[in-house]
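# Coordinate inspection notes
Here is how the chains run, residue by residue.
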Amino acid sequence: MVHVYNCHPFASQQIVQVEQEPGLLCSGGGVIFVVATGGCKVEAYSLDQEGCPLLCRFATMGTPRIIQYSAIGDYLVTIEDKNNATYLRAYTNWRYQAEEKSRVGVRMLGHLLRGASQRSVAQMEIIEIPLSERPVAVACCPVTGDLLVACEKTLVLFTLRRESQHNLNQLNPQSSFQNTQPSHSKKAVPNSPSNPNVSVLDFERSVILHIPGLGPQQVALCAGYVAVHAELEVLVVKLHSSLDPKTAEELADMNTCVDQGEDPGDFLVLQRHQELLGERARDCGVSVTIEKTGMEETGQYTLSFVLYRRFAPDFFQGCSVEETKLHSLQLHPMFTRNKSMQCPEEPSCVFCFFSLPTTGYLYSLRGGVELLSAYQYPEKVLRAVLTDDLLHVITKSALQCFSVRCAAVAARVEDPYIDTTMRACPPVSLKVCALRMQLFIGLRTMCALGRHVMLLSAADAEPPEEADRATHTRSFMEFREHSMLTDIFLALGIDPTTTPALESLLSRPFLSKKWAGSRPKAPSVTGHGWNLYVVNTVSPITLYHEMVEYSCRYAETHPMGESCRHLLSEAHLILRATLIKPLPTAKGEPRELPEMPTDGEKAQRPTTDAFTDSKAERQVMETAFRENCAQLGDCFSRGNQKDCHLALPYYRMSGLSITEVMSRNRPLPISPCSYGPGFVFYLNHFLLEETDQILSQEAADEIIDIFSQTEPSQLVTVCASPAMADVSPAKVLRRLQHLEQATGMSVPLTVTMATMSLRLDDLRRYTELMEKHAEMLLVYGFIEEPRLLLHGGSGGRDTQVRPTQLANQLRKDQPGLLAAAMVALHENNKVQLEQADQVFKELGCEHNLLVDFWEAVLVASTKEAIIQELLFRLAVVYIDRLTSGMAAPSKLLKSTEDLINSCSHYGTLYPWLRILTPASNTGSQQQEALQKLQSLLCGPSMPIGAVQPLLEQLSLGATLWGLSLHVLCATRRGQHGNCIEKLLDHCPQAIIPYANHHLQETYMALWWQKLLPELCNRTRAETENGILLAALKETLLVVATEISPVEFLELMPDDGTALYFLPHLLACSQRQLLA
Amino acid sequence: MSAKTSLLKVILLGDGGVGKSSLMNRYVTNKFDTHLFHTIGVEFLNKDLEVDGHMVTLQIWDTAGQERFRSLRTPFYRGSDCCLLTFSVDDSQSFLNMGNWKKEFVYYADVKEPEKFPFVVLGNKVDVAERQVSAEDARQWCLENGNYPYYETSAKDATNVAGAFEEAVRRVLSMEERTDHLIPTDTVSLHRKPRSASCCS
Ligand SMILES: Nc1nc2c(ncn2[C@@H]2O[C@H](COP(=O)(O)OP(=O)(O)O)[C@@H](O)[C@H]2O)c(=O)[nH]1
Ligand SMILES: [Mg+2]
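For the structure given in this document, a descriptive report is provided here. (Residues numbered from 1 in each chain as written. Chains lettered and ligands numbered in written order. Predicted model: local features only at pLDDT ≥ 70, side-chain atom pairs only at ≥ 80, totals over all residues. Heavy atoms only, no water.)

### Overview of the packing of helix H12 (residues 540–557) of chain A against helix H13 (residues 562–579) of chain A
Residues and elements named next belong to chain A. Where H12 contacts H13, the two axes come as close as 8 Å, and the packing angle between them is 170°. Considering their axes alone, H12 and H13 lie roughly antiparallel with respect to each other. Here the hand of the crossing between H12 and H13 comes out left-handed. Contacts between H12 and H13 pair Pro540, Ile541, Leu543, Tyr544, Met547, Val548, Tyr550, Ser551, Tyr554 and Ala555 from the former with Ser563, Cys564, Leu567, Leu568, Glu570, Ala571, Ile574, Leu575 and Thr578 from the latter. Split into classes, the residues belonging to the contact of H12 with H13 amount to 15 nonpolar, three polar and one charged. (Axes fitted to C-alpha atoms, helices over the stretch in contact; angles between N-to-C directions. Helix = DSSP H or I, 4+ residues; strand = E, 2+ residues; numbered from the N terminus. Parallel < 35°, antiparallel > 145°, perpendicular 65-115°, else oblique. Left-handed = near helix turned anticlockwise from the far one by under 90°. Contact = heavy atoms within 4.5 Å. Nonpolar A, V, L, I, M, F, W, Y, C, P; charged D, E, K, R; others polar.)

### Some details on the packing of aromatic side chains
According to the stated counting rule, one finds 33 aromatic pairs over all chains in the structure shown. Pairing A:Trp912 with A:Tyr994 gives two aromatic rings, centres 5.2 Å apart and planes at 75°, and the pair type is edge-to-face. In this pair, A:Trp912 is assigned in helix H30 (residues 911–916) and A:Tyr994 in helix H35 (residues 991–998), connecting sequence segments 82 residues apart. For the pair formed by A:Trp912 and A:Tyr994, the shared burial category is buried. With 6.5 Å between their ring centres and 55° between their planes, B:Trp141 and B:Tyr148 make a pair best called tilted. Take B:Tyr148: its relative accessible area is 7%, and that puts it in the buried class. Within the aromatic cluster, the residues linked to one another by ring pairs are B:Tyr77, B:Phe105, B:Tyr107, B:Tyr108, B:Phe117, B:Phe119, B:Trp141 and B:Tyr148. Note that A:Lys238 overlies the ring of A:Tyr225, its terminal NZ or CZ placed 5.0 Å from the centroid. (Phe/Tyr/Trp six-rings, centres within 6.5 Å; stacked < 30°, edge-to-face > 60°. Buried < 20%, exposed > 50% of the residue type's maximum accessible area, 1.4 Å probe, protein only. Lys NZ or Arg CZ within 6 Å of the ring centre and 35° of its normal.)

### A closer look at the pattern of salt bridges
Inspection of every chain in the model, using the stated rule, returns 42 salt bridges over all chains. For A:Arg103, the salt bridge goes to B:Asp62, with nearest N and O atoms at 3.2 Å. Note that A:Arg103 is positioned in the loop between strand E9 (85–92) and strand E10 (104–108) and B:Asp62 in strand E3 (residues 54–63), a pairing that runs across two chains. By relative accessible area, B:Asp62 is classed as buried at 0%. A:Arg134 is the partner of A:Glu152 in a salt bridge, and the nearest nitrogen-oxygen pair spans 3.9 Å. Separated by 18 residues along the polypeptide, A:Glu152 in the loop between strand E13 (147–151) and strand E14 (154–164) and A:Arg134 in the loop between strand E11 (125–128) and strand E12 (135–140) bring together distant segments of the chain. Judged by its relative accessible area of 16%, A:Arg134 is buried. (Salt bridge = Lys/Arg side-chain N within 4 Å of Asp/Glu carboxyl O.)

And the structure:
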């Protein structure tokens, strides 16, 4: 369904004082160009000045058939006839032709020579562009000023060049052509200060596309996109200029494989509808080949297909087959603020529009070609023009204006956060609507520029009496307009008489006061039957306000209706289209001569006046935009539709506070419906988000009421939000009790109730509630709703977290539960290690519970990085506890035994450690720390390299526990010999258990290489030392079983102690014999 | 025909310095400027006038006579309706060169029937006392080359300038009447070949 609204996008009109009947019309650069029917003169009228005064008039060299203006380069290009020949010419510097009697220079393309520096007066100059074929149509690129010419079988692209006068003066006439290398011209040289306007335009033939058999009628060019249409076919390709000849060749090969040789006459072409998007368009049957022009510096061009569409005439009703022809082909670029700061010459979006008499088609080309909208016209359309904000079309008797979706596409290119919960924008697929139908008589043609629409009407085609009637009877016109609109409604399946809003809309006079206030629109009594009108559209903000006004009216009659939302969405896009545009330049919209975009000139500064003006204007627009977002938010929050989630991003974009949103959503006393799902969705999101904002008690209580009504099951989540800190706990408790009765008990619900009891200082009830569930279940409850324990932190790794009041209470009552819950949260990625540290610090238990937490995480974790980190941290803590002799934490959650049993990181203590550091040696707390540290060193995971430096600070051998740690480390590093010495020095009774445990396998040889000689030496010095002697004896026993008698003999000392060895030698020999 | 004004292209050819630019200026602006710039390449000026009841836009093309500018001017000979061959009566060489100018024009303008093409000959600077070319010699040349009308002009004191240009217009219009008579319908445009063949480049 096409919505038809009766907005007033047209503000006023002027009649251009043209003397002769205009034949050709085009506009650009603030100017309307008019060529009288059959005339040889171009008249330029200023659009920027009141009354559209004549700027200048200049003669053409032949009779123009087609005129086209390019704002870039400020040139007018014509296809003109003279003596049965057709010429293509570009008129440059035409603004200097204010008095018609100045001489006009003429030259061929590329023959650069003359110029203002020689004349000292700037002079109009005509460039004649020779072609080997007859030109049919032309187009100028709105981005680069390049020129595309369609001939019968080819499309020729000319690149716009700007030559500085300095270069030219050095050239002599004969060699000018050869010497004018593109390298000179590619970079436009800034204008010299003495003669600021001197620079000469030229064109360079850069690529020729052969398209035999298509028969082009119109072309368009924009940022490398080339569009061409024949009677019933449209083809869009993209030209890529590449300086890499290799890829170019490959692509060219690809291009030529399109079948070219087939004569369309050889087989019957089935006429049918066809739409081929992207590279699939290559199969369209139209052959396109690139001819290289040999201009090396322009690089090579390659081609990709973008779009092909074919129509079949007999499928269209209402128009005869002959009338069914394509027209109004247009490529429309859209620049947006952010993107154009990155690359000012690349439009963010490129749109392609073309039209049949009854339907117009708008495609978006960049980032994947896509049909945006098909415009169903109520009657045969003669011509259509797309602008950023609107589509204007003319029928024989009316100017109509449709909404467009360009801004919706551009917004998504500009902002990747659209279509998330952050930001929203009406969809590209939003149905287009007709905003206005304005009657005119005998419309012929139209062009548009910014907020101006130029219309040519000529009544002489009508029978004179009809023209007369139309001119003088306004009521007749109103009647016609009324019945026409009614027809449209009926055609769309709406009977206006059954819809009060439409009825009232249709009953209002169509020529509103806004319109009637301006000059009469019927042809003035000038005698001639034609008129050239300039119709100005209203400012976007005005149109926006009108749409909002209408939407309010719709809202009154159909509060849930689609129309209200649709109008607000349309209004949204009107604002967006303006807000998204790049900041205005000093000159205003058209980028025109002499500021051709060169590197230096791109960032034109707006003049201060224009700047402050636009700044103020922009503020107004932004305020309107926020207001619109709020209204759209209301629409989506109230409605019961599937798009209700859009309330969230729109409210966000509106900048409204939650309390403001709440007050907008309070149900009216009379209204039966309460809160909409969109509003509840918004609230849910708001409460889930970590904001610093704490709601007032009233607001928080209201939220509790809202959820009690709409989604009571969400109450637990709602209460867990930090924003709800000030909610009145008694009220919540009552609600939760109801909920419990209704839905049964659940852990989060019970814990939430416990939290509320805590806030009420009702410890007894708190304890009761907490005891309802086993600790394990409570842990699961915390995983389900971590915010029962922690606030903040949902923003990821670095965000601050705080413990809740409940967490504080658990620290006092159930520290084990708290630690277990924290471990569970950590292991479920609900909290980061650093954040947990913070929480325990804030709870004041970084010395005990935090360490318990670390131990528990170490036990539970499988992440290597976490394990390494915790091993180190715990080693530090244990050493700290050992050395500081600090007041020990009252109770440890896990003993060494527990840890050894529950994970591999804590190893079983070596037997010799019990001899070295028996349990009674230190205080029980230090004992525990020592054992844990020893156990870590006995385990496989502890990185010795990291702990070693810490241990080195401990004075060696001062204590036996210190010794034990050193020996553990040294053993881990394989320094067993060292350990043997240290143990013999300080604790010889541990040497044999140590040797039994560690001197195995590769270290076996140390028994006789290190231990035996050491013992021999030491017993010799201390002959009475029983411990040493016992050790020696044990050692000899081991050695005798491990080595051969010959080796044993080698070990025998020379002195008397050798006697001591003999029994062992014997044992050794006997073993040998047995074996 | 009533709304349309016909556009007539008239081209001034002749040696550099004979006074082509001065003649055009005199005719269009009725001024004589001794400090006129040298013409480089091609320029034109339009003048609207009524001749024998016809509204005509006369497009006067001024060219640079020097040899070195040839490549700049010759592309624009095509489509001319009339050619004004100009010499200076105080410069016999400029008179002798007229034949070459005519040849260059006929060649580059691609004139189908040179003998029927309207040329007008102008002997300029008649205000100068020391003549090198006599009126008789000039007339003789005109007679022998195709019976061209001959005008003795002075851009300096405006002698015969308007008359010469108006004669050019009259010549063209009389030619057109003949062709209009000969080809009453626009059958020409129905034939593709002559059109595309006559196309630029
Ligand atoms: N005495 C005299 N001098 C003239 C006349 N016409 C032109 N001149 C001078 O002849 C010189 C060349 O004239 P110009 O118009 O530039 O010749 P062009 O090269 O053919 O365009 C200038 O110094 C003019 O002042 C004329 O009718 N009489
Ligand atoms: Mg000259």
